[in-house]
Amino acid sequence: MAAKIFKSKVDPWIRILLVGVIVVQIWSIGAVALQMHEPLLTTGMILLAIAVVGLMIWLLLGTHYTVDRGTLRIVSGPFRWKVSIDQITSVEATRNPLSSPALSLDRLRIKYGRNRRIMISPADKNGFLKAIGHGRDE
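To keep things clear, this report deals only with the structure shown in the data block. None of the values given here were measured: they were computed from a predicted structure.

### Brief notes about a nonpolar patch on the surface
Next, step 1: There is a patch of nonpolar side chains on the surface, built from L55, W58, F79 and W81 and spanning about 380 Å² of accessible area.
Next, step 2: Sorting the residues of the nonpolar patch by element identifies α2 (39-61) and β4 (79-84) as the ones contributing at least two each.
Next, step 3: One can find W81 in strand β4.
Next, step 4: The class for W81 is partly exposed, based on a relative accessible area of 31%.

Listed below in structure tokens is the structure:
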């Protein structure tokens, strides 16, 4: 069976927040470059702003979930998790706002292993649930 990739659902307010941070950081880069007369400090501030912009873009475009050969791989920018599908004990809908690899509050809480949990927000919830064997047709 081929790997199935599920993109994260993105809430409009999260998209606006992330794009807003990107815009502010780009504006800051320009302001710092024009205002500061310390080359080393200016370079450091610009590099920091570029890193923040890069991370925001990576999170926005690089959050997805892959089901392949009995494993759920979760990717959110530079962060990665692996969950063995046979260790999943329950999947339930949640709107919990705690930090997680999800770009929407329309989430699934996955319980697995020994008291472990992770929340994700696949855009195609039904397809995702079927892929991990927790769909309604299972």
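### Describing the sheet that holds strand β7 (residues 116-120)
Next, step 1: Read from one edge of the open sheet, three strands run β5-β6-β7, paired in antiparallel fashion. Each edge of the open sheet is held by one strand with a lone partner, namely β5 (88-94) and β7. Adjacent strand axes in the sheet meet at a mean angle of 20 degrees, parallel and antiparallel pairs treated alike.
Next, step 2: Examined bridge by bridge, β5 and strand β6 (residues 107-112) share six bridges and lie antiparallel to one another. Along β6, the bridge assignment pairs T94 with R107.

### A word on the packing of helix α1 (residues 12-35) against α2
Next, step 1: It is the contact of α1 with α2, at a shortest axis distance of 9 Å, that shows an interaxial angle of 165 degrees. In terms of orientation, α1 and α2 fall into the roughly antiparallel class. In terms of crossing hand, the pair formed by α1 and α2 is left-handed. Where α1 abuts α2, its residues L18, V19, V21, I22, Q25, I26, I29, V32 and A33 lie against T42, M45, I46, A49, I50, V52, V53, M56, I57 and L60.

Definitions and cut-offs
- Residues numbered from 1 in each chain as written.
- Predicted model: local features only at pLDDT ≥ 70, side-chain atom pairs only at ≥ 80, totals over all residues.
- Heavy atoms only, no water.
- Patch = residues over 30% accessible without salt bridge, like charges linked within 9 Å, V, L, I, M, F, W, Y side chains within 5 Å.
- Areas by Shrake-Rupley, 256 points an atom, 1.4 Å probe, with all protein chains shown as cover.
- Salt bridge = Lys/Arg side-chain N within 4 Å of Asp/Glu carboxyl O.
- Helix = DSSP H or I, 4+ residues; strand = E, 2+ residues; numbered from the N terminus.
- Buried < 20%, exposed > 50% of the residue type's maximum accessible area, 1.4 Å probe, protein only.
- Pairing = 2+ DSSP bridges.
- Axes fitted to C-alpha atoms, helices over the stretch in contact; angles between N-to-C directions.
- Parallel < 35°, antiparallel > 145°, perpendicular 65-115°, else oblique.
- Left-handed = near helix turned anticlockwise from the far one by under 90°.
- Contact = heavy atoms within 4.5 Å.

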